[in-house]
Amino acid sequence: MTEASFALRGATIVPVTAAPVEGGTILVENGRISAVGGPELPVPEGVPVTDAAGKWIVPGLVDAHTHLGVHEVAEGWAGNDTNEMTDPNTAYVRALDGINPAEPGFAEALQGGVLAACVNPGSGNVIGGETVAVKTVGRYVDEMVLRSPAGVKSALGENPKRVYGEQKKTPSTRLGTAGVLRQAFVEAENYRRAESPERDLKLETLVKVLNREIPWRQHCHRADDIATALRVAEEFGYDLVLDHGTEAHLLADLIAERGVPVIFGPLLCSRSKVETVNRFPANAVTLAEAGVTLAIATDHPVVPIEHLIVQAMLCVKEGLDRDTALRAVTINPAKIMGVDDRIGSLEAGKDADFCVWSGDPLDFYSEVEQAYIDGRPV
């Protein structure tokens, strides 16, 4: 056995994809989960065993919508690299290239049990660029990457029409925004059909979306913008994810029928824009009951990332089933990011990314006492 092998015994283990195990055992070997079981689970000779009686062991939380590292806290303009607002279509830019792992948000993520996040460009442009899924520990971003790209960020609604309307450019309206989207995808379709096209980074990125290699991450709050997102996705045949979804509950049945997931949030903040007037934690209940795949997100730094679990608590308080709430901050966002084969649940073969909590993570007074990434205490 290597130094990365160990076992924790006696905790309440919450695999997420299976029933909780009281007095459970988790075995880690070579940075991966080797086995999860009850007190009778055999531990190989020589593997150190730690008593975790009274603790809860939960997969690392996953935040599918953040600006972690690209919008650095307390840095002002110098640390804000979320939006390249010089062109409505910046599909060629990558959040990966703007992430500063020294941003305090990464350490705060660990304190809140968030061990993975999707870092997105901002929503100032109609097409903002590539997202990236990362773990929340690392010296430099390349060693933190789980999946790159993990999607392409796009925005409908107030943000792009305000940004470009103020510049007296297209789009200055919602119909102009949809027009920019359609034109971009038509150009990408033509590029995909061409036999030997001159290389174009914008169109290369959009072709990945059309080929369903990565999802289209659509920022939208109002129900009419959500309807536009569904309409354009159906026209061009790509995998759609609704980010924010403030009024998604009003179209929950349509969203569920199309199998479109919703990344709901942020919740612990003011209604700073007209289109967020109907933001309520109870909306998550309506979405879940309709059969929509639900994730909950902070939009860090809009809501500090360590409060991800608090947002889940708010939804439980409004009636969201607690198992659904935990899935919304673990396996569901991992699936949306395309990394559920590695993280999001406690299963043999997955990365040993989990937290030891002092108690039930949905109890406000519980704290993260230890976090492990790839079996290393971080």
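Worth saying up front: this structure is predicted, and the values here are computed from it rather than measured.

### Brief notes about the layout of surface pockets
Stage number 1. A volume near 470 Å³ is recorded for the largest pocket.
Stage number 2. For the largest pocket, the lining is made up of 27 residues, of which S123, N159, K273, D299 and V302 are closest to its centre.
Stage number 3. Of all the elements, helix 2 (residues 158–166) adds the most residues to the lining of the largest pocket, at 3 residues.
Stage number 4. Per-class residue counts for the lining of the largest pocket are 6 nonpolar, 16 polar and 5 charged.

### Let's talk about the pattern of salt bridges
Stage number 1. Enumeration according to the criterion identifies 20 salt bridges in this entry.
Stage number 2. A salt bridge links E130 to K208; its shortest N-O distance comes to 3.8 Å. On the criterion of sequence distance, the pair formed by E130 in strand 8 (residues 127–135) and K208 in helix 4 (residues 201–210) is long-range, its members being 78 residues apart.
Stage number 3. Here R322 makes a salt bridge to D360, at a shortest N to O gap of 3.0 Å. With R322 in helix 9 (residues 322–327) and D360 in the loop between strand 14 (354–357) and strand 15 (368–373), the pair connects residues that are 38 residues apart, well separated along the chain.

### Observations regarding the environment of Q111
Stage number 1. Position of Q111 relative to the elements: it lies in helix 1 (residues 104–111).
Stage number 2. A C-alpha to C-alpha distance of 35 Å links Q111 and R212, two positions 101 residues apart in sequence.

### Structural notes on unusual backbone geometry
Stage number 1. Note the cis peptide between G265 and P266, where omega equals 5 degrees.
Stage number 2. By secondary structure assignment, the location of P266 is in the loop between strand 12 (262–264) and helix 7 (282–289).
Stage number 3. With an omega of 10 degrees, the peptide bond running from H300 to P301 counts as cis.
Stage number 4. Examined against the element boundaries, P301 turns out to sit in the loop between strand 13 (294–296) and helix 8 (308–317).

### With respect to the environment of L268
Stage number 1. Topologically, L268 is positioned in the loop between strand 12 and helix 7.
Stage number 2. Looking at L268, the relative accessible area reads 37%, which means it is partly exposed.
Stage number 3. Put simply, L268 and P281 are 13 residues apart on the chain and 9.5 Å apart in space, counted from C-alpha to C-alpha.
Stage number 4. The residues touching L268, leaving out its near neighbours within four places in the chain, are V303, H307, V310, Q311 and L314.

### Quick word on the pairing of strand 11 (residues 240–244)
Stage number 1. Counting buried positions over the 5 residues of strand 11 gives 5, a clear majority of the element.
Stage number 2. Note that the unit made of strand 10 (residues 216–220), helix 5 (residues 223–236) and strand 11 has a crossover that is right-handed.
Stage number 3. Remark: the strand 11/helix 6 (residues 252–257)/strand 12 crossover connection has right-handed handedness.

Calculation criteria
- Residues numbered from 1 in each chain as written.
- Predicted model: local features only at pLDDT ≥ 70, side-chain atom pairs only at ≥ 80, totals over all residues.
- Heavy atoms only, no water.
- 1 Å grid on protein atoms, 1.4 Å probe; cavity = no way out; pocket = protein on both sides within 12 Å on 5 of 7 lines; lining within 4 Å.
- Points joined across faces, edges and corners; volume = space filled by probe spheres on them.
- Helix = DSSP H or I, 4+ residues; strand = E, 2+ residues; numbered from the N terminus.
- Nonpolar A, V, L, I, M, F, W, Y, C, P; charged D, E, K, R; others polar.
- Salt bridge = Lys/Arg side-chain N within 4 Å of Asp/Glu carboxyl O.
- Buried < 20%, exposed > 50% of the residue type's maximum accessible area, 1.4 Å probe, protein only.
- Contact = heavy atoms within 4.5 Å.
- Right-handed = clockwise from strand over helix to strand, strands pointing away.

Without other data, these values stay purely geometric and don't point to any function.
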